[in-house]
Amino acid sequence: MERLIRFLRVLELLADSREYELLSSPDFSPNVDAATLNTMQRAILHIHGHFTEKIQLPDVASVVNMSTNTFSRFFIKNTGRSFTDYVVSLRIGRACKLLSESDETVTDICYEVGYTNLSNFNRAFLRHVGKTPSVYRKAARGKRVSPDS
């Protein structure tokens, strides 16, 4: 109970404080009009349908009829991340699922999720997950409860 009271006091202090710093500009907030939502939906559907292949920003930009630079700014404004970061997170997320649920080799998974180079895959995986794919697999399998338990 004491911890809850302390937490509420901290929230009260923050709410009453006149000292603050904005962390983003008003221009950062996404535009949620129907046209923007439609464009984002088309882009995201295309990315999700092709992230395991060689997908590049100009390809997706052409799907939504925008120049590469315009689409890049549009994508960042509406997702808060770059196209490349988004694709990498999809690939790493899929790799995590495969590592924990299949017996495929790390190399096979690397190619299956869209990487063409095992070293790049290992580097990206380590940067995003904080562990190598092999260590992740061992940890994920250690957490699963066996059916005999």
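Here we summarise the structure given alongside this text. Along each chain, the written sequence defines residue order, and numbers are assigned to residues from 1. At least 70 in pLDDT is required for a residue's local features to be given in this predicted model, at least 80 for side-chain atom pairs to be given and counted, and no such filter applies to totals for whole chains, interfaces and linings, which use all residues. As a rule here, side-chain values cover all heavy atoms of the structure and leave hydrogens and water aside.

### A word on the packing of aromatic side chains
- In this scheme Phe, Tyr and Trp rings, the latter by its six-membered ring, pair at centre separations within 6.5 Å, and the angle between planes marks the pair as stacked below 30 degrees, edge-to-face above 60, and tilted otherwise. What the rule picks out here adds up to 7 aromatic pairs.
- Measuring from ring centre to ring centre gives 6.2 Å for Phe75 and Phe83, while their planes differ by 75 degrees; the resulting arrangement is edge-to-face. Neither residue differs from the other here; Phe75 and Phe83 are each classed as buried.
- Put simply, the rings of Phe71, Phe74, Phe75, Phe83 and Tyr86 touch in pairs and so form one group of aromatic residues.
- Our definition puts a charge over a ring when NZ of Lys or CZ of Arg is within 6 Å of the ring centre and also within 35 degrees of the ring normal. One cation-aromatic arrangement involves Arg91 over Tyr115; the distance from NZ or CZ to the ring centre is 5.6 Å. The classification of residues rests on relative accessible area computed with a 1.4 Å probe and restricted to protein chains. Under 20% of the type maximum is buried, over 50% is exposed, and intermediate values are partly exposed.

### Re helix 7 (residues 118–129)
- The way it works is that DSSP assigns letters per residue, a run of H or I at least four long becomes a helix, a run of E at least two long becomes a strand, and they are numbered from the N terminus. By this rule the span expected of a helix is its residue count minus one, scaled by 1.5 Å. Its 12 residues place the ends of helix 7 16 Å apart at the C-alpha level, agreeing with the 16 Å of an ideal helix rising 1.5 Å per residue.
- Turning to helix 7, its buried residues are Phe121, Ala124 and Phe125. Viewed along the axis of helix 7, the buried residues span an arc of 100 degrees, placing them on a single side of the element.
- Whether two residues touch is decided by their heavy atoms; if any such pair falls within 4.5 Å, the residues are in contact. Buried positions along helix 7 lie against helix 5 (83–101), helix 6 (106–112) and helix 8 (133–143).
- Just downstream of helix 7, Gly130 is the residue with a positive phi angle, here 90 degrees. Within this analysis, the arc is defined by the directions that extend from the helix axis to the C-beta atoms.

### A short note on the packing of helix 2 (residues 34–50) against helix 4 (residues 68–79)
- One way to put it is that helix 2 packs onto helix 4 with a least axis distance of 11 Å and a crossing angle of 100 degrees. Taken as axis vectors, helix 2 and helix 4 run roughly perpendicular relative to one another. Contacts between helix 2 and helix 4 pair Thr36, Thr39, Met40, Ala43, Ile44 and Ile47 from the former with Phe71, Phe74, Phe75, Asn78 and Thr79 from the latter.
- Under the scheme applied, nonpolar residues are Ala, Val, Leu, Ile, Met, Phe, Trp, Tyr, Cys and Pro; charged residues are Asp, Glu, Lys and Arg; polar residues are all the others, including Gly. Looking at side-chain class alone, the contact of helix 2 with helix 4 contains 7 nonpolar, 4 polar and no charged residues. Between N-to-C directions, angles span 0 to 180 degrees; the directions come from axes that are lines fitted to C-alpha atoms, helices contributing only their stretch in contact. Angle categories: roughly parallel below 35 degrees, roughly antiparallel above 145, roughly perpendicular from 65 to 115, and oblique for all the rest.

### Quick look at a nonpolar patch on the surface
- Residues Met1, Leu4, Ile5, Phe7, Leu8, Val10, Leu11 and Leu14 make up a contiguous nonpolar surface patch of roughly 810 Å² in combined accessible area.
- As for its position among the elements, Val10 is in helix 1 (residues 2–16). A patch consists of residues exposed above 30% relative accessible area that lack any salt bridge, with like charges linked at up to 9 Å and nonpolar side chains (Val, Leu, Ile, Met, Phe, Trp, Tyr) linked at up to 5 Å. Using a 1.4 Å probe, accessible areas were evaluated by the Shrake-Rupley method; residue-level cover was limited to the displayed protein chains. The salt bridge definition used is simple: a Lys or Arg side-chain nitrogen within 4 Å of an Asp or Glu carboxyl oxygen.

### Structural notes on the pattern of salt bridges
- Counted under the stated rule, the structure contains 4 salt bridges.
- Taking the shortest distance from any N to any O, the salt bridge between Glu2 and Arg6 comes out at 3.5 Å. Linking Glu2 with Arg6, this pair stays in helix 1, spanning 4 residues, or about one helical turn.
- According to the relative accessible area criterion, Arg6 is exposed, its value standing at 51%.
- Residue Glu101 is joined to Lys97 by a salt bridge in which the shortest nitrogen-to-oxygen separation is 2.8 Å. Of the two residues, Glu101 and Lys97 both sit in helix 5, 4 residues apart, roughly one turn of that helix.
- Overall, the relative accessible area of 54% leaves Glu101 in the exposed class.
- For Lys97, a relative accessible area of 40% gives the class partly exposed.

Interpretation in functional terms is not warranted from these geometric data alone.
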